[in-house]
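Structural features, examined
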Amino acid sequence: MIIVLKTDLTEEKLHRVAERIESEGFYTRSISQYGKLLLSVDGPNTERLLKEVTKWQDVEEVIDGHFPYYLASRKCHKSNSVIRIGKGDNQVTFGDKEIPVIAGPCAIETAETALAIAEIVKAAGVKIFRGMLFKPRSSPYSFQGIGKDGLEILDEIKKQTGLLVVTEVREACEADMVAEYADIFQIGTRNMSNFQLLKYVGQMNKPVILKRGMGSNIVELLCAAEYILSYGNPNVILCERGIRTFEQFTRFGLDIAAIPSVKELSHLPIIIDPSHASGKSSLVSSLTMAGIAAGADGVILEVHDNPEKAFSDGTESITPSQLKDLIKSGKKVASAIGREL
Ligand code: PEP
Ligand code: MN
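A few points on the structure. (Residues numbered from 1 in each chain as written. Chains lettered and ligands numbered in written order. Predicted model: local features only at pLDDT ≥ 70, side-chain atom pairs only at ≥ 80, totals over all residues. Heavy atoms only, no water.)

Description of the sheet that holds strand S1 (residues 2-5)
The sheet built from 4 strands is open, its strands ordered S2-S3-S1-S4 with antiparallel pairing. Unpaired on one side and paired on the other, strand S2 (27-33) and strand S4 (59-63) mark the two borders of the sheet. Going from strand to strand, the sheet's axes swing by 25° on average, the running direction of each strand aside. With 3 bridges joining them, S1 and strand S3 (residues 36-42) adopt antiparallel strand pairing. Paired with Ile-3 across the two strands is Leu-39, which belongs to S3. In this fold helix H1 (residues 11-22) packs onto S1, S2 and S3, with an angle of close to 10° to the strand it touches most, S3. (Pairing = 2+ DSSP bridges. Helix = DSSP H or I, 4+ residues; strand = E, 2+ residues; numbered from the N terminus. Axes fitted to C-alpha atoms, helices over the stretch in contact; angles between N-to-C directions. Contact = heavy atoms within 4.5 Å.)

Right, dumping it as structure tokens:
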């Protein structure tokens, strides 16, 4: 259950409300987000408390536990959240008219190949480079990433190209180290429900691309975002990256309906990852167009100058010339719906 308190409440009064609730055997946590002051309350039989608390004068509203993603919802925040990253010419905006493209290899392999791909995506007009160092893989025998040695490579890419950089953070204990180099964290599909990690990055200010769990529904995705928001970080970008279906031709099913559905339920921006969704480079462009048409606020793409030699996900990595064509078509689709890619 969440108690929305009156906005003019002093710290002292907040403590008194919390103490009164705790004295009845409940646990409380105070949350400040979107200019609102909230108390999260858990414990047995909150229904009884709910009826009573509604009458208290410091209480604006009580949200019962059946509505588990209040901060992520349009009920809490009506207008779209706009997340700005970077400065000057390098600034990108998620959740507004712009549709930023994020592109790069699945994983950083060597400094030379990563830099070469970064230069290629920059020349195609991309402002954000992706390249993972820590790879949570389904099989322990698959390439696990080059790890922290690659952080210096990310730094070099940023210095040489001016691109913003997205990289994956796998565990809470890695987050501070990765934050020094990454402009945006990625939390991958396998970690959407790593609640300790969500709580940890929630206490940082770093923008987070939160990928939908491959077996998670939309409400579960919004609940995962709620962890980050409720620990204080408003910079959450959701990502539809495909969910498990019975289809075998594609690796996952890109849930296009998730885009307008999330927009109906939530103010948070949502981007798509057609690379991991399809697992096939031949499908990436079509899925991107469909995603843009459905309202996606950005696209994250795997690009490799030599996909056959890629250490991971070569089958879904598009070539530099496919990237150029994709951007050309994407601009047309974006402009048809009054947006800019
Ligand atoms: C990735 O972006 O490299 C990745 C592994 O994505 P996902 O977590 O969606 O599988
Ligand atoms: Mn990949």
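Regarding the site of ligand 1
In the region of ligand 1, the neighbouring residues are Cys-106, Arg-130, Met-132, Lys-135, Gln-186, Gly-188, Thr-189, Arg-190, Lys-211, Arg-241, His-276 and Glu-302. A distance of 2.8 Å is found between an oxygen atom of ligand 1 and a side-chain nitrogen or oxygen belonging to Arg-130. The side chain of Gln-186 places a nitrogen or oxygen atom 2.9 Å from an oxygen atom of ligand 1. Here ligand 1, which alone exposes 290 Å², has 96% of that area covered by the protein. (Near = heavy atom within 4 Å. Polar contact = N/O pair within 3.5 Å; in protein donor to acceptor, adjacent residues only side chain to side chain. Areas by Shrake-Rupley, 256 points an atom, 1.4 Å probe, with all protein chains shown as cover.)

Considerations on the layout of surface pockets
One number sums up the size of the largest pocket: a volume of about 540 Å³. Around the largest pocket, the lining is made up of 28 residues, and of these Arg-29, Ser-40, Pro-68, Glu-226 and Tyr-227 lie nearest the centre. A total of 6 residues in the lining of the largest pocket trace back to one element, the largest contributor, which is helix H7 (residues 218-230). When the residues that make up the lining of the largest pocket are grouped by side-chain class, the tally is 16 nonpolar, 6 polar and 6 charged. Here the lining of the largest pocket gathers at least three residues from each of two domains, domain 1 (2-63) and domain 2 (83-336). (1 Å grid on protein atoms, 1.4 Å probe; cavity = no way out; pocket = protein on both sides within 12 Å on 5 of 7 lines; lining within 4 Å. Points joined across faces, edges and corners; volume = space filled by probe spheres on them. Nonpolar A, V, L, I, M, F, W, Y, C, P; charged D, E, K, R; others polar. Domains from an automatic or database assignment.)

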